[in-house]
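Chain by chain, the residues:
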Amino acid sequence: MNKRFLKIGTIAMALAISFSTVIPAYAQTKQEAQDQLEQLQQQQSDLESRLADLKASKADTEEYIQELDNEQQTVVTKLQETEDRINELEADIEETQANLDQAEQDAQDQYAALKVRIRQMYEQGDTSLMEIILQADDISSILNSSAYIAKISEYDNNLLEQLKETVQKIEQYKTDLENQKSEQEQVKAEQEEKKAELDLILGQKQAELESLGLDIESVDGDLCEIASSIDDTEELIAAIEEQERKAAEEAKKREEEAKKQQEQQQNNNSSSNSGSSTGNNSNSGSNSTGSGNSNSGSTGSNSGSTGSSGSGTVTGSFLWPTTSSTVTSGFGGRTSPGGIGSTNHQGIDIGAGAGSPIYAADGGTVVQAGWQVARGNYIVVSHGNGLHTLYQHCSALYASVGQTVSKGQTIAAVGSTGYSTGPHLHFEVWVNYVPVNPLNYL
């Protein structure tokens, strides 16, 4: 928003209206104001479109973040289940190892028992078993020896076979458990990697959502300023049209007066030619005409004072415009309150309860009073010499356009109408239509 350009254009047109008395002199400024209004309305439309896009993007981002949250929760749940499964497998591996150790010990015990039996058989004269043992590399060779099997009882043979199978089964089960644990640890690593990726994406989307929120707040602030500028421009156009109307009336009046003077001059010339009696009549007519002009001027003066409820006397100093002295927002740059207030604050906000009285800062004449979308109910008082005061967001107005008011007179009540986040008085001071810091005048 090129607000400086807008304000300069507004001032230039206002000055043109103030110092021009011929219609063509400010007809061009009216066209400029209308062109500017169209530009502002187009900017407003563009901003509204952008705001809609931003809000749609924000909604999409919020929905995507919700999906990511759900997916992340699923991954966290699976990760916990995997960790639990790994813990179970570790417990099973420990138990299986204990069983394996016990089975191996049982096999050793049985082998020791067999050796005792073989020794007994040898002592009884059977030397063939000793040869088998001496030739064997390990217990497996002994157990697999057909000669040995032939020498021992069927019971011992079955028992040793079962022990051997048990040891093999336990070893295989332990191997399977360790493989399962390795697979689960791989699954856990993959899930942790996925969770890290989701955390990164979520962080990026959260930052994007925050950025969208700031963009929306900025566009809302721009829309507020655009709406206020449109209101000001429409007022300016209305003022120009009113000036045109008055100028047209004045031109018509001057034309009628010139016509009357021409007719009177013709009558005077005719009377001069016809004799003194006619001349007296002419003088009488002239006096009558003069008297009529005097009465007309008097009527205009009376019309100007109609509806006044105060003296309108300008003291040259301002009093505080309401009962509260709490300034909630100062003049100049600021963060947009609630995303609806202007970021370039052209006045001060005075926090006050709804319905509190609003006083005219000085005597003057009400030149504007009504409602606008941004200002809500508002009043503008002219104090002469290019000095105006603006009272905004009112809950009620007690003065109307054309009314003269006195310094300290109650002209409105505090409210929260228009672009407002709560009851307060937005107070501005204008010097030649340029907002200045009110605290320099209070």
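Please read all numbers here as calculations on a predicted model, not as lab measurements.

So, how was this worked out
- Here the residue numbers are simple positions, counted from 1 along each chain's written sequence.
- For this predicted model, a pLDDT threshold of at least 70 governs which residues receive local features, and a threshold of 80 or more governs which side-chain atom pairs are given and counted, while totals over whole chains, interfaces and linings are taken from all residues.
- Calculated side-chain values reflect all of the structure's heavy atoms, with hydrogen atoms and water omitted.
- For helices the rule is a DSSP run of H or I covering at least 4 residues; for strands it is a run of E covering at least 2, with both sets numbered from the N terminus onward.
- Residue exposure (1.4 Å probe, protein chains only): buried if accessible area is under 20% of the type maximum, exposed if over 50%, otherwise partly exposed.
- Note on contacts: a residue pair qualifies if any of its non-hydrogen atoms lie within 4.5 Å across the two residues.
- Surface accessibility follows the Shrake-Rupley procedure with a 1.4 Å probe radius. Residue values consider only the protein chains on display as shielding.
- For Phe, Tyr and Trp, rings pair up if their centres lie within 6.5 Å, where Trp contributes its six-membered ring, and each pair is then called stacked (planes under 30 degrees apart), edge-to-face (over 60) or tilted (otherwise).
- One speaks of a salt bridge when a side-chain nitrogen belonging to Lys or Arg is within 4 Å of a carboxyl oxygen belonging to Asp or Glu.

Novice: Give me the lowdown on the overall build of the protein, citing residues and values where you can.
Specialist: On a plain count of helices and strands, the protein comes out with seven helices and 13 strands. For the protein, buried positions account for 34% of its 442 residues. Counting only contacts in the protein whose residues sit at least 6 apart along the sequence, the fraction spanning at least 24 positions is 72%. Total accessible area on the protein stands at roughly 24,800 Å², and carbon and sulfur atoms take up 47% of it.

Novice: I'd like a description of the packing of aromatic side chains, backed by residues and values.
Specialist: Counted by the stated rule, this structure contains two aromatic pairs. Considering the side-chain rings of Phe318 and Tyr441, the 6.2 Å spacing of their centres and the 35 degrees angle between planes classify their relative orientation as tilted. Taken as a pair, Phe318 in the loop between helix 7 (276-305) and strand 1 (326-329) and Tyr441 in the segment after strand 13 (434-436) lie far apart in primary sequence, 123 residues in all. The class of Tyr441 is partly exposed, set by a relative accessible area of 35%. When the centroid spacing of 5.3 Å and the interplanar angle of 50 degrees are considered together, the rings of Tyr391 and Phe427 count as tilted.

Novice: Run through unusual backbone geometry, naming residues and quoting values.
Specialist: Where the residue is not glycine, phi is negative for most of them; where a peptide bond is considered, it is trans in most cases. One non-glycine residue, His393, lies in positive phi territory at about 70 degrees. Within the secondary structure layout, His393 lies in strand 8 (residues 387-394). Look at His393 and you get buried, because its relative accessible area is 3%. Located in the positive-phi region is Asn432, a residue other than glycine, with phi close to 55 degrees.

Novice: Please set out the pattern of salt bridges residue by residue, giving values where relevant.
Specialist: Inspection of the entire model under this criterion finds ten salt bridges. A salt bridge links Glu83 to Lys188, with the shortest nitrogen-to-oxygen separation between them at 3.8 Å. One end of the pair, Glu83, is in helix 2 (residues 23-123); the other, Lys188, is in helix 6 (residues 154-274), with 105 residues separating them in the sequence. A salt bridge links Arg85 to Glu88; the shortest N-O distance between them is 3.5 Å. Placement of the pair is Arg85 and Glu88 together in helix 2, with a separation of three residues, close to one helical turn. Here the salt bridges do not stand alone but share partners, grouping Asp232, Glu235 and Arg375 into one network.

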